[in-house]
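As a plain string of letters, each chain reads:
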Amino acid sequence: MEQQVYRTFSDYLKERYGEKVYKLPVALPVSCPNRDGSCGNGGAGCTFCGSIGAGYENLPADMTITAQLAANKAHIIPKYKAKKFIPYFQNFSNTYAPLETLRAWVQEAGAGEDIVAIYIATRPDCVSDEYLAMLRAEADKLGIDICVELGLQSVNYRSLQKINRGHTLGEFIDAILRIKAYGLQSCAHLILNLPWDTMTDVVEDAKVLSALGVDQVKLHALYIVKGTEMARQYEAGELTLISREEYEARVINFLEHLSPDIVLQRIIGRAPETNTLFSNWHTGWWKIRDNITATMAAKGQYQGRLCKYLNGPAVRKFLSV
Ligand code: SF4
């Protein structure tokens, strides 16, 4: 049982939609500008990215959205008596498509009475005013929320260069400010154990996301997929991974520095065991999550406890006299 030491996604969904809501993965026939060379970064993709992106749990992308949602619902409805759903465009960069194609996908995914929101994972360089205006208009027509999930991974631009990310912090800030300007929701994905990052980077991750006012965060531990550039580096001894204990300490410090308003979709991701060289320290993700929450509860730690750095802390003393 998860203890309330941070703002959980399940609690947020119940607050917003009045009952449990289930996210259904949808695979679209998209690629990524960092994989096809369009972002001028050599076309090799991020060094950790496997050939199926993040979509190892997905159905095939050549199935229609309607068929994918029906197949997932057929599995979930009898098991959980689920009534409300969020289609999640998960794999690769889901706004990396012609604008009218994306509009049609959103209309198809959002058509059911039981759909309360659509979540769309993409990259900062695949977000523009034109696309956001279209998403805003479709969200209003459908009467649903739209959340744009952006991969950031780290605020440390040197680490982002090392993983061949094809963008740095600046593009992420630009994209978040634009998403907010259209009244859409935002979520940032971070990997808290990138080999070149330290605890200082993790605290800075929390500060930057809090200052920007992102709505949600999803934390992952790095997993190393066979055949990737990162797998080559790992096998050649060119990078070292932190221990599970250090990952847990980083998550706790991140949460304590994070604004209490931000919703945590996850504090550790599910990761595939097959085809990987390293995956969540060969430990179930829920065990790591439960250990983090138990440690925080035992030590009186909670999300936002150290979020005291915003809005001019040095001049507060002059305002209280
Ligand atoms: S941005 Fe995402 S899909 Fe593109 S190369 Fe990086 S991890 Fe893979």
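A. Quick look at the overall build of the protein. For the protein, the helix and strand inventory stands at 11 helices and nine strands. For the protein, the spread of C-alpha atoms along the principal axes amounts to about 55 × 55 × 40 Å. Across the 321 residues of the protein, 52% fall into the buried class. Total accessible area on the protein is roughly 14,300 Å²; 53% of this is exposed by carbon and sulfur atoms. The positive charge centre, built from 35 side chains, and the negative charge centre, built from 35, are 5 Å apart in the protein.

B. Layout of the sheet that holds strand β4 (residues 145-153). Spatial strand order, β1-β2-β3-β4-β5-β6-β8: seven strands in an open sheet with parallel pairing. Every interior strand has two partners, whereas the edge strands, β1 (21-26) and β8 (263-266), have only one. Adjacent strand axes in the sheet meet at a mean angle of 25°, parallel and antiparallel pairs treated alike. Strand direction decides the pairing type here: β1 and strand β2 (residues 84-89), joined by six bridges, are parallel. The partner of Pro25 across the bridge, within β2, is Tyr88.

C. Just the state of the cysteines, in detail. Applying the stated criterion to the full structure yields zero disulfides. You can see Cys126 has no disulfide; the closest cysteine sulfur is in Cys32, sitting 6.5 Å from it. On the accessibility criterion, Cys126 (8% relative accessible area) is buried. For the unlinked cysteine Cys147, the closest cysteine sulfur is that of Cys187, found at 5.4 Å.

D. View of the site of the ligand. Taken together, Cys32, Asn34, Arg35, Gly45, Cys46, Phe48, Cys49, Phe92, Arg123 and Arg165 make up the full set of residues adjacent to the ligand. When its residues are assigned to classes, the shell around the ligand shows five nonpolar, two polar and three charged.

E. Here's a closer look at the pairing of β4. Most of β4 sits inside the fold, with nine of its nine residues counted as buried. Covered by surrounding structure in β4 are Asp145, Cys147, Glu149, Gly151 and Gln153 together with Ile146, Val148, Leu150 and Leu152, the residues of both alternating faces. As paired elements, strand β3 (residues 117-122) and β4 share six bridges and run parallel to each other. Along β4, the bridge assignment pairs Tyr119 with Cys147. With helix α4 (residues 129-142) bridging β3 and the parallel β4, this β-α-β connection has right-handed handedness. Note that β4 and strand β5 (residues 185-191) share six bridges and pair parallel. Bridge pairing links Glu149 to Cys187 in β5.

F. Examining the side chain of Gln216 more closely. Summarising the element assignment, Gln216 is placed in strand β6 (residues 216-220). Classification of Gln216 by relative accessible area gives buried; the value is 1%. Within the local environment of Gln216, its side chain forms a polar contact with the side chain of Gln265, the two groups lying 2.8 Å apart. When near neighbours in sequence (up to four residues on either side) are disregarded, Gln216 contacts Phe9, Tyr12, Tyr119, Cys147, Gln185, Ser186, Cys187, Ala188, Ile262, Val263 and Gln265.

G. Representation of the pattern of salt bridges in the model. All told, the structure shown has 19 salt bridges when counted by the stated rule. Between Arg7 and Glu15 there is a salt bridge, with the nearest N and O atoms lying 3.0 Å from each other. Under the relative-accessibility criterion, Glu15 is labelled exposed at 55%. With a closest N to O distance of 2.5 Å, Glu256 and Arg305 form a salt bridge. With Glu256 in helix α9 (residues 244-257) and Arg305 in the loop between α10 (285-299) and α11 (316-319), this pair connects stretches of sequence that are 49 residues apart. A relative accessible area of 2% means that Glu256 is categorised as buried. By relative accessible area, Arg305 is classed as partly exposed at 31%. By sharing partners, the salt bridges in this structure join Glu100, Arg103, Glu138 and Lys141 into a single network.

About the criteria used
Residues numbered from 1 in each chain as written. Predicted model: local features only at pLDDT ≥ 70, side-chain atom pairs only at ≥ 80, totals over all residues. Heavy atoms only, no water. Helix = DSSP H or I, 4+ residues; strand = E, 2+ residues; numbered from the N terminus. Buried < 20%, exposed > 50% of the residue type's maximum accessible area, 1.4 Å probe, protein only. Areas by Shrake-Rupley, 256 points an atom, 1.4 Å probe, with all protein chains shown as cover. Lys, Arg positive; Asp, Glu negative; His and termini not counted. Charge placed at Lys NZ, Arg CZ, Asp CG, Glu CD. Pairing = 2+ DSSP bridges. Axes fitted to C-alpha atoms, helices over the stretch in contact; angles between N-to-C directions. Disulfide = S-S within 2.5 Å. Near = heavy atom within 4 Å. Nonpolar A, V, L, I, M, F, W, Y, C, P; charged D, E, K, R; others polar. Right-handed = clockwise from strand over helix to strand, strands pointing away. Polar contact = N/O pair within 3.5 Å; in protein donor to acceptor, adjacent residues only side chain to side chain. Contact = heavy atoms within 4.5 Å. Salt bridge = Lys/Arg side-chain N within 4 Å of Asp/Glu carboxyl O.

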